[in-house]
Amino acid sequence: MTEPKPIPMKSFSAILLVGSIFLLPFLAFSQQNQTKGKIKGTLLDQTTKEALPFATIGVYTEKDSLVGGGISDEEGNYSVDVPYGRFYALIEFMGFEAVKSDFFTLSRENSSHDLGETGLSATAADLSEVVVQGEKTIMELSLDKRIFNVGKDLANAGGNASDILMNLPSVSVDPQGNVSLRGSTNVRILVDGKPSGLVSFKGSSGLRQLPANLIERVEVITNPSARYEAEGMAGVINIILKKDSSQGFNGSFEVVTGYPTNLGFTANLNYRKNRFNWFINYGIAYRDQPYVGEIYQEVYDNDTTFIMQQTTDGNVQSINNNIRGGLDYFFNEKSILTASYLWRRSDAHRITDNRYEDYINTKDNFQSFTTRRQDETEQEPNSEIVVSYKKSFEQKGHELTTAFTYLNYWENSDQTYTQNTFTPEGVAKPGTELLQTSLNDEYENQYLIQLDYTKPFGKEGKLESGFRTSFREMKNDYVVSESDENGVLEPIPGLDNVFIYDENILAAYGIFGNKVDKLSYQAGLRAEYTDVNTILEETNEENPRSYTNLFPSAHLTYNVTDENAFQLSYSRRVRRPVYNDLSPYVTLSDSRNFFSGNPDLNPEYTDALELGHIKYFEKGTLFSTVYYRSTMDKIDRIRSVDEDGNSITRPYNLNGENSFGVEFTGDYRPTTWWKLDLGVNFFHANIDGTNIQPDYEAKTYSWLFRQTSRFTLKNGMDIQFRANYEAKQKTAQGIRKGIFFMDLSVAKRIMNQRGNLVLNVTDILNSRRNRYIIEGDNFFTEGDSQFNRRQINLTLNYRIKQ
């Protein structure tokens, strides 16, 4: 079945400027959805003539693409808003035969269609399955948000959440797993609209533990309204997990095998019976991941140059388990209570071998070499509990939602380091043997309460307000020991402590929005009070700080036509130093290159301005944006090297950064069997780090490019090709070299359209490497590493009533 053509824009939502700000924080957001057509009807039991409440109504195009849907109320009545076009309706209810309506057409002249009373007949056995494969487009573009239906992207088969983000326009993921949005790593990542344990201690690299098949879609919001927390200078990435609410039983299963070793299984199951909707997702993955790296470094001391050539060869074996279950209880169609529990556990074994070769002045003058091995076992169990309630009132858009979230995280790391130094001939130097151990326990508890209220007024107006409070407790018990001449392990002074991080954030917001003819506007304000305290227990060091900030935002949208619109938006954002930024502990896996946090960091603040334009064509969509960001107290990591050639990299507050750029995102279908997606981002950044060192200043121009071609062939086969390029970029201390890589996927629909078999090759050329140059007053460092090698996966997906 070929993918449907992009649907022309049906309506547009808007947001803007002008902000009336009241006592408590208020902000702006107004997204107006102008629906064009409507279908309605009533559902009855064919035999008893009783109403059928909570039945599912889906509206599909001639090519079986889902365009709208809803559920019947307690009297069996339903009403579904859909765009103009030619459609049919599919009605399903547990224990009854599914009913497919005749085709009908909605237009300006005939914008409503009444299907009347529809009688459903009970089945003798369980409801027979009806296969309707509704294909979603990969990308849904609007001015304030882009939604990516990731299941349609073949490159995501057999991957994880980090792989999904790497395939999105505007988003890049470096080989270490760090996520950037429009060139900035300061992006807020949420799961189902809330913070997640996956990105607490480990940052965005923790997303590698979440299988891709558990994810429904990803929302990218580059200039959020006051409804969203102010964290994240570049914007917000919201990962939505799978959950269905169709009557009856439905689900999907996926099995993965790959090289290097990648074995996985996922299941997504739903069962809806009248007022109850049960859902459960499970995923397990085993990976054997090799990685390599090289560093060349020169350290200058008067007339002597000390040269170090380092090679790294490592491997990590991991098992990741994810299970999420819960239920929705429908008091009625306008009142829903949801409770869910999520549990994850990751177990890993890591071996890293480093070899350091030392030279003086030239590589012809070889002095010695040192080997160091890291042997680490790691356990990471974490869990999340969410209870939420949504109340919809009689007036459309009048809603109250509230949620409570509890997050618990624990990580145990047990590491052993062995080190030896040898002469150039390979003879061990006496007295250079070294044995060290590192024990590290990290804990986190987080409590989050959120309340949001929306009240429409007039014809197009809307008021929003809300409250949010979060309490976060984090603790790291850390000790590094070293074997003495008698073989007794003794703690190393300064590396035996307990680091405690307590964070409390209180926030409130308000938004006012309205529409006058083709102009929509929205303004709002968010206030956040932050109280952070860090403690080093053993040395009795305490660093409390608290501050209150106002974060205004405004959006202004002008709809030239239904297919052509502009939006101007502004927001103020913050990046607070988090646990890893503040923790003073030093990593020891590499005895020449150390990394640590900085307890004295301050928050960085950004003012962001965007002008966006979206144009819908018959065969595609083009979204273009011009943006500007001004950042104060920018947090960046600075590398320094001592006279012995040992480096330490720590975060510091630079004076700031000013950046601007232009971005183009679009899709185009030249023919029914070929679809193109394109993303290009050009940007300039001026980084000022002269407060750290006079020459820490850089002006850089760079660009990102991503192009995807998908070919739909006969006999249910699809081929997808993607090319990615990230150009060279200057940093405060040097450059990050360009990265180019390509992916290829081939899919075949099998088992009467219920199954999908996908062969996926990521990084075909094995060229996705992190290459950089860093320079200081007394050193030159050039590095080249690869933490994700070319991956080949074969994935089988099977759907039941989906």
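Along each chain, numbering runs from 1 in the same order as the chain's sequence is written. Whole-chain, interface and lining totals are the exception, using all residues; otherwise, since this is a predicted model, local features are given only for residues with pLDDT of at least 70 and side-chain atom pairs are given and counted only at 80 or more. The basis for every side-chain value is the complete set of heavy atoms in the structure, and neither hydrogens nor water enter the calculation.

Some thoughts on the sheet that holds strand 29 (residues 593-595)
Two strands make a pair as long as DSSP finds a minimum of two bridges between them. Helix numbers and strand numbers start at the N terminus; a helix is a DSSP run of H or I with at least 4 residues, a strand a run of E with at least 2. Read across the open sheet, the three strands follow the order 29-33-32; overall the sheet is mixed. With one partner strand each, in any of the chains shown, strand 29 and strand 32 (635-641) form the two edges of the open sheet. Here the average twist between neighbouring strands, direction ignored, is 30°. When strand 32 meets strand 33 (residues 647-653), the two strands line up antiparallel, connected through seven bridges. Residue pairing in the sheet places arginine 637 in a bridge with proline 651 of strand 33. What counts as an axis is a line fitted to C-alpha atoms, over the stretch in contact for a helix, and the angles between N-to-C directions run from 0 to 180 degrees.

Remarks on a negative patch on the surface
By definition, no residue in a patch forms a salt bridge, and every one has over 30% relative accessible area; like charges are joined within 9 Å, nonpolar side chains (Val, Leu, Ile, Met, Phe, Trp, Tyr) within 5 Å. Accessible surface is estimated by sampling points in the Shrake-Rupley manner with a 1.4 Å probe; for residues, cover comes only from the protein chains shown. Each reported salt bridge corresponds to a side-chain nitrogen of Lys or Arg within 4 Å of a carboxyl oxygen of Asp or Glu. Charge assignment in this entry is limited to Lys and Arg as positive and Asp and Glu as negative, and neither His nor the chain termini are counted. Charge placement uses NZ in Lys and CZ in Arg. For Asp and Glu, CG and CD serve respectively. On the surface, Asp301, Asp642, Glu643 and Asp644 cluster together into a patch of negative charge. Its place among the elements puts glutamate 643 in the loop between strand 32 and strand 33. Residue glutamate 643 is classed as exposed on the basis of its relative accessible area, which comes to 62%. Burial here depends on accessible area, computed with a 1.4 Å probe over protein chains only, as a share of the maximum for the residue type. Under 20% is buried, over 50% is exposed, and the range in between is partly exposed.

Points about the packing of aromatic side chains
Centres within 6.5 Å are what make two rings of Phe, Tyr or Trp a pair, Trp counting through its six-membered ring; a difference in plane orientation under 30 degrees is then read as stacked, over 60 as edge-to-face, and the rest as tilted. A full pass over the atoms with the stated rule returns 21 aromatic pairs. Consider the rings of tyrosine 88 and phenylalanine 103, whose centres lie 5.4 Å apart with planes at 80°: the pair is edge-to-face. Here tyrosine 88, found in strand 5 (residues 85-92), pairs with phenylalanine 103, found in the loop between strand 6 (99-100) and strand 7 (104-106); they are 15 residues apart in sequence, far enough to count as distant. Between phenylalanine 369 and phenylalanine 422, the ring centres sit 5.1 Å apart and the planes meet at 20°, which makes this aromatic pair stacked. Residue phenylalanine 369 is found in strand 21 (residues 362-392), and its partner phenylalanine 422 is found in strand 22 (residues 399-422); the two are separated by 53 residues along the sequence. Comparing phenylalanine 369 with phenylalanine 422 shows no difference in burial state: the two are buried. An aromatic cluster is present here, built from Phe276, Trp278, Tyr329, Phe331 and Tyr389 joined pairwise through their rings.

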